[in-house]
Amino acid sequence: MTTVAHLVPYLGGALAVGGVAVAATRRRELMVRWCVWAFAVPLVTAAFWLGPPGIAVLAAVVGVVAVAEFGGLLLLERVDRTVLGAAIVGLVLTAWLAPGEVLRTAAAGALAIAGVPLLSGDAEHGLRRLGAGLLGLVWLGTLAGLVSSGALGLVLFVAVSIADIVAYAAGPRIGGPRLSPLSPAKRWSGTLAGAAAGLLTLAVLSSLTWQTAVAVAVGGPLGDLLESMVKRGARAKDAGRWLPGSGGILDRIDSLLVALAVLLVLE
């Protein structure tokens, strides 16, 4: 079984090789992105090294930031964002401290989200606020699954990240049919190349099963398309602007969220 300690040499090697490759291109945008990864990868790895408490703290922080970005995209009011954020943090903490009560916590979060527009009597925008809140709960609440996944959650993140990078690089070069109107720049060729790279990553990290394969090859691209749908509806290019060279946190975890949801369903 893969452990965090087993992953450290691979992550360090990937960062080093990536740094050399980026330096060779002399492209400032790529250098900025690599610097972000060089800071984030040790931080995320350390959180997983600490086990459930560290993962829970990481997932809760990421969840709060993701809710802020999601609420900004869908123009949710502050009270909606606050309740959704509290529901996500509650799910994560429950997954850590009382795993058997996750469904009950999710139901309580859904009721709280529904209660905000109902109690305010918002006849004009209430349905939109309710739908957006429930989507956020289902989508972002998947972060709670990281707590029980252990090192496999980190492996999944690495695999979908590599798949995304390969798909982004290979699609325009290979060409072929477009993947979806939701993301016109992406092509089937890039998606298939990315899936192959993701499966190879799982194999190298001793984590290739049919469940993880489906999660990376199918869930990853669907997660990317889901965020593209949300962003296109909001007429936004990125979920945020605070992460140098990378947009926002949602732009980095969109594939992971649905891949993790697929894995949780299949296991």
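Before going into details, it helps to say that this report is about the structure given with it.

What counts, and at which threshold
- Residues numbered from 1 in each chain as written.
- Predicted model: local features only at pLDDT ≥ 70, side-chain atom pairs only at ≥ 80, totals over all residues.
- Heavy atoms only, no water.
- Helix = DSSP H or I, 4+ residues; strand = E, 2+ residues; numbered from the N terminus.
- Expected span 1.5 Å × (residues − 1).
- Buried < 20%, exposed > 50% of the residue type's maximum accessible area, 1.4 Å probe, protein only.
- Core = buried A, V, L, I, M, F, W, Y, C linked by side-chain atoms within 4.5 Å.
- Contact = heavy atoms within 4.5 Å.
- Patch = residues over 30% accessible without salt bridge, like charges linked within 9 Å, V, L, I, M, F, W, Y side chains within 5 Å.
- Areas by Shrake-Rupley, 256 points an atom, 1.4 Å probe, with all protein chains shown as cover.
- Salt bridge = Lys/Arg side-chain N within 4 Å of Asp/Glu carboxyl O.
- 1 Å grid on protein atoms, 1.4 Å probe; cavity = no way out; pocket = protein on both sides within 12 Å on 5 of 7 lines; lining within 4 Å.
- Points joined across faces, edges and corners; volume = space filled by probe spheres on them.
- Nonpolar A, V, L, I, M, F, W, Y, C, P; charged D, E, K, R; others polar.
- Phe/Tyr/Trp six-rings, centres within 6.5 Å; stacked < 30°, edge-to-face > 60°.
- Axes fitted to C-alpha atoms, helices over the stretch in contact; angles between N-to-C directions.
- Parallel < 35°, antiparallel > 145°, perpendicular 65-115°, else oblique.

### What about helix 9 (residues 188-204)?
Okay, step 1: Between its first and last C-alpha, helix 9 extends 24 Å over 17 residues, near the 24 Å set by a 1.5 Å rise per residue.
Okay, step 2: For helix 9, every residue scored as buried is listed here: Ser189, Gly190, Thr191, Gly194, Ala195, Ala197, Gly198, Thr201 and Leu202.
Okay, step 3: Ser206 sits one or two residues past helix 9 and shows a positive phi near 55°.

### A few points about the nonpolar core
Generally speaking, nonpolar side chains in soluble globular proteins are found buried as a group.
Okay, step 1: One finds Phe48, Trp139, Leu140, Leu156, Leu250 and Ile253 to be the most contacted residues of the largest nonpolar core, which totals 58 residues.
Okay, step 2: What Leu250 contacts, discounting residues up to four positions off in sequence, is Ala66, Glu69, Phe70, Trp139, Leu140, Glu227, Ala239 and Leu257.

### A look at a nonpolar patch on the surface
Okay, step 1: Taken together, the side chains of Tyr10, Leu200 and Val204 make up a nonpolar region of the molecular surface, amounting to roughly 280 Å² of accessible area.
Okay, step 2: Residue position: Val204 is located in helix 9.
Okay, step 3: Judged by relative accessible area, Val204 falls into the partly exposed class, the value being 42%.

### Here's the deal with empty space enclosed by the protein
Okay, step 1: Under the definition given, this model contains one cavity of 30 Å³ or more.
Okay, step 2: Approximately 50 Å³ is the volume found for the largest cavity.
Okay, step 3: The wall of the largest cavity is formed by Leu76, Asp80, Val83, Leu84, Ile113, Val116, Arg129 and Gly133.
Okay, step 4: In terms of residue count, helix 4 (residues 78-97) provides more of the lining of the largest cavity than any other element does, three residues in total.
Okay, step 5: Tallied by class, the residues present in the lining of the largest cavity amount to five nonpolar, one polar and two charged.

### Considerations on the layout of surface pockets
Okay, step 1: Considering only enclosed or pocket space, the second largest pocket measures out at about 640 Å³ in volume.
Okay, step 2: Secondary-structure elements contributing two or more residues to the lining of the second largest pocket are helix 2 (28-49), helix 3 (52-73) and helix 11 (249-266).
Okay, step 3: Counting residues per element, the lining of the second largest pocket draws most heavily on helix 2, which supplies nine residues.
Okay, step 4: Split by residue class, the lining of the second largest pocket holds 24 nonpolar, two polar and one charged.

### A few points about the packing of aromatic side chains
Okay, step 1: For the structure shown, the criterion picks out one aromatic pair.
Okay, step 2: For the ring pair Phe70 and Trp139, a centre distance of 6.0 Å and an interplane angle of 75° mean the geometry is edge-to-face. You can see Phe70 sitting in helix 3 and its partner Trp139 sitting in helix 6 (residues 126-140), a full 69 residues away along the chain.
Okay, step 3: Accessibility expressed as a relative area gives 4% for Trp139, which makes it buried.

### Some points on the packing of helix 3 against helix 11
Okay, step 1: Where helix 3 meets helix 11, the axes come as close as 10 Å, and the angle between the chain directions of the two elements is 110°. Judged by the inter-axis angle, helix 3 sits roughly perpendicular to helix 11. Along the contact surface, helix 3 presents Val62, Val65, Ala66, Glu69 and Phe70, while helix 11 presents Ile249, Leu250 and Ile253.
Okay, step 2: Grouping the amino acids of the contact of helix 3 with helix 11 by side-chain chemistry returns seven nonpolar, no polar and one charged.

Scope: geometric values only; no functional claims are made or implied.
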